[in-house]
Amino acid sequence: MTNSYHKMKIKTSLTLRYLVLTAILVIGVFVILEELLYPEDGYDMLSILNVRLLAVWLISFVALLSISYYMARIVLKPVTRIIRQVDKITASNLSERLEIENKNDEIGELAMTFNDTLDRLEKSFKAQEMFLSNVSHELRTPMSALIAELELSLHKDRSNEDYKMVVERALNDARNIERLSNGIMDLAKTEIQEDRISKSIIRLDEILLDAITIITKANKDYNIDLQFDEDSDDDTFVTIKGNEYLIRTAFVNLLENGCKFSPDHKSSVIITFRQSKVAISFEDSGIGISPTDIEKIFEPFYRGKNGDTYKGNGIGLALVDRIVRLHSGTIHVDSKEGKGTTFTLEFNHI
Ligand code: ADP
């Protein structure tokens, strides 16, 4: 209803425009010709008192109206076709695209731009769907395990030892759920625009030390070595403008992975200064990542084939990647299966 009303409105306004334009043109040509051909006969083209002339004017007006309407229809035809196609596209069939008849005219360009927008929308819709189904899957598994465990323990009376074991396992599942929901919350935080996260002047070496303490406290067998590539008295080399919480989260994830995916649970961090940049390399001599996995490890919930035997949920690196991008930094990974992995982050220091 509204669409056909709008189409009608556009058609009428175009018709009127063409009518005015053609009328001005025709009258102009008539008047000029008349003046040139019969300068002295006193025959006044604009006199409406002349009945014969009035008839000619009326016929011309109807002819002009028809021509203008016809021209408006021709011009609007491809637009109407596009409107009809766009009308059919909804959230449930975002894979539909507009037909492009001529890539070189304005209508073709409009259709191509619209198709590009649809590409982006479809991609983001799919990513959101995938994210939601991953979240619910990841949450459901430890939740179901937790409930089953507790239900089973209530079936009959058990010894204190048995109850202790059940509580320990339940606590472990609850911790996994907590880790996962924290990861999801952090991921959601990084979704916000760069200019909306609060940033302050922070020292990367201090945050690294914090992160190392967090990891080694939680995992007594993890060992992390912090090195500076060269000595410098200038603190600005390790100082950036950033969000302390997010940067620490990124460091914790990289350090934890380094130790987790290494049989000796050892990793090292090296800070290097370059002209306007500071680089932090997280190195381990662990199991490494296969070339096919490397392309996908930054996708949310992706776990490499090497991840099967190690605990995790595939959120860590997606989070690191977003945090680095929010700080206009870069991330580079270099890995050899069986030899080890190095993740290098680079930021502009102040
Ligand atoms: P998670 O560690 O929970 O599996 P991440 O997002 O942190 O999830 O990592 C994604 C995948 O990248 C891991 O499953 C693993 O296959 C691979 N990976 C990340 N860091 C390393 C590393 N230091 N060594 C080997 N593989 C790694």
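All values reported here derive from a predicted model rather than from experimental measurement. (Residues numbered from 1 in each chain as written. Predicted model: local features only at pLDDT ≥ 70, side-chain atom pairs only at ≥ 80, totals over all residues. Heavy atoms only, no water.)

> Lay out the overall build of the protein with the relevant residues and their values.
Secondary structure summary: the protein contains eight helices and seven strands in total. The C-alpha atoms of the protein give a radius of gyration of 36 Å, which is well past the 20 Å a tight globule of 350 residues would have. By principal-axis analysis of the C-alpha atoms, the protein measures approximately 120 × 65 × 35 Å. Counting across all 350 residues of the protein, residues that qualify as buried make up 35%. Taking the contacts inside the protein whose residues are at least 6 apart along the sequence as the reference set, 68% of them involve residues at least 24 apart. Of the accessible surface of the protein, which amounts to about 22,700 Å², a share of 58% is contributed by carbon and sulfur atoms. (Helix = DSSP H or I, 4+ residues; strand = E, 2+ residues; numbered from the N terminus. Rg over C-alpha atoms; globule rule 2.2 N^0.38 Å. Buried < 20%, exposed > 50% of the residue type's maximum accessible area, 1.4 Å probe, protein only. Contact = heavy atoms within 4.5 Å. Areas by Shrake-Rupley, 256 points an atom, 1.4 Å probe, with all protein chains shown as cover.)

> Describe the domain arrangement of the protein, listing the residues and the values that go with them.
Considered domain by domain, the protein is made up of domain 1 (2–88), domain 2 (128–189) and domain 3 (196–348). For domain 1 versus domain 3, the distance between C-alpha centres works out to 71 Å. (Domains from an automatic or database assignment.)

> Can you break down the packing of aromatic side chains residue by residue, with the values?
Taken as a whole, this structure holds five aromatic pairs when the rule is applied. An angle of 55° between the planes, with centres 5.0 Å apart, marks the rings of Phe261 and Tyr310 as tilted. Of the two residues, Phe261 sits in the loop between α6 (244–260) and β4 (266–274) while Tyr310 sits in the loop between α7 (291–294) and α8 (316–326), which places them 49 residues apart along the sequence. Judged by its relative accessible area of 17%, Phe261 falls in the buried class. (Phe/Tyr/Trp six-rings, centres within 6.5 Å; stacked < 30°, edge-to-face > 60°.)

> Describe in detail the site of the ligand, supporting the description with residues and values.
Close contacts around the ligand come from 20 residues, with Asn257, Lys260, Arg303, Asn306 and Leu317 the closest. Residue Gly316 places a main-chain N or O atom 3.4 Å away from an oxygen atom belonging to the ligand. Within the complex, 98% of the 530 Å² of free accessible area of the ligand lies under protein. Listing elements by their share of the shell around the ligand, those giving two or more residues are α6, α8 and β7 (340–348). Here the shell around the ligand takes three residues from α6, the largest share from any one element. When the residues that make up the shell around the ligand are grouped by side-chain class, the tally is seven nonpolar, ten polar and three charged. (Near = heavy atom within 4 Å. Polar contact = N/O pair within 3.5 Å; in protein donor to acceptor, adjacent residues only side chain to side chain. Nonpolar A, V, L, I, M, F, W, Y, C, P; charged D, E, K, R; others polar.)

> Describe the nonpolar core, with residues and values.
Note on soluble globular proteins: their nonpolar side chains tend to be buried together. Ranked by size, the top nonpolar core spans 45 residues in total, and within it Ile247, Phe251, Phe282 and Phe347 carry the most contacts. Within the residue set of this core, elements represented by two or more residues are α4 (160–190), α5 (204–218), α6, β4, β5 (277–284), α8 and β7. The element contributing the most residues to this core is α6, with eight residues. Structurally, this core is a two-domain feature, drawing no fewer than three residues from each of domain 2 (128–189) and domain 3 (196–348). Each residue touching Phe251, except ones within four places of it in the same chain, is listed here: Leu204, Ile207, Leu208, Ala211, Ile280, Phe282 and Leu345. Formed by six residues, the second largest nonpolar core is a distinct cluster that contains Leu94, Leu98, Ala111 and Leu118. (Core = buried A, V, L, I, M, F, W, Y, C linked by side-chain atoms within 4.5 Å.)

> Account for the packing of α5 against α6, with residues named and values stated.
Two packed helices can be described by the angle between their axes and the distance between those axes. It is at 9 Å that the axes of α5 and α6 come closest, and there the two elements cross at 50°. Viewed along their axes, α5 and α6 adopt a mutual orientation that is oblique. For the pair α5 and α6, the crossing hand works out as right-handed. Contacts between α5 and α6 involve Leu204, Ile207, Leu208, Asp210, Ala211, Ile212, Ile214 and Ile215 from the former and Glu244, Ile247, Arg248, Phe251, Val252, Leu255 and Glu256 from the latter. The residue makeup of the contact of α5 with α6, split by class, is eleven nonpolar, no polar and four charged. (Axes fitted to C-alpha atoms, helices over the stretch in contact; angles between N-to-C directions. Parallel < 35°, antiparallel > 145°, perpendicular 65-115°, else oblique. Left-handed = near helix turned anticlockwise from the far one by under 90°.)

> Describe the sheet that holds strand β2 (residues 223–228), listing the residues and the values that go with them.
On the basis of which strands lie adjacent, the open sheet formed by five strands has the order β2-β4-β5-β7-β6 and mixed pairing. The open sheet has two free edges, formed respectively by β2 and β6 (330–336), since each of these has just one partner strand. Put simply, the sheet's adjacent strands are angled 15° from each other on average, direction ignored. Bridge count between β2 and β4: six bridges; the pairing is parallel. (Pairing = 2+ DSSP bridges.)

> Please give an account of α6 that cites residues and values.
Helix length check: α6 (17 residues) gives 24 Å between terminal C-alpha atoms against 24 Å at 1.5 Å per residue, within 8%. In terms of burial, α6 is largely enclosed, as 15 of its 17 residues are buried. Sitting at the head of α6, Asn243 places a side-chain oxygen 3.1 Å from the backbone nitrogen of Tyr245. (Expected span 1.5 Å × (residues − 1).)

> Report on the pattern of salt bridges, specifying residues and quantitative values.
Considering all chains together, one arrives at 15 salt bridges under this definition. A salt bridge links Arg97 to Glu122; the nearest nitrogen and oxygen atoms lie 2.7 Å apart. On the criterion of sequence distance, the pair formed by Arg97 in the loop between α2 (51–88) and α3 (106–154) and Glu122 in helix α3 is long-range, its members being 25 residues apart. (Salt bridge = Lys/Arg side-chain N within 4 Å of Asp/Glu carboxyl O.)

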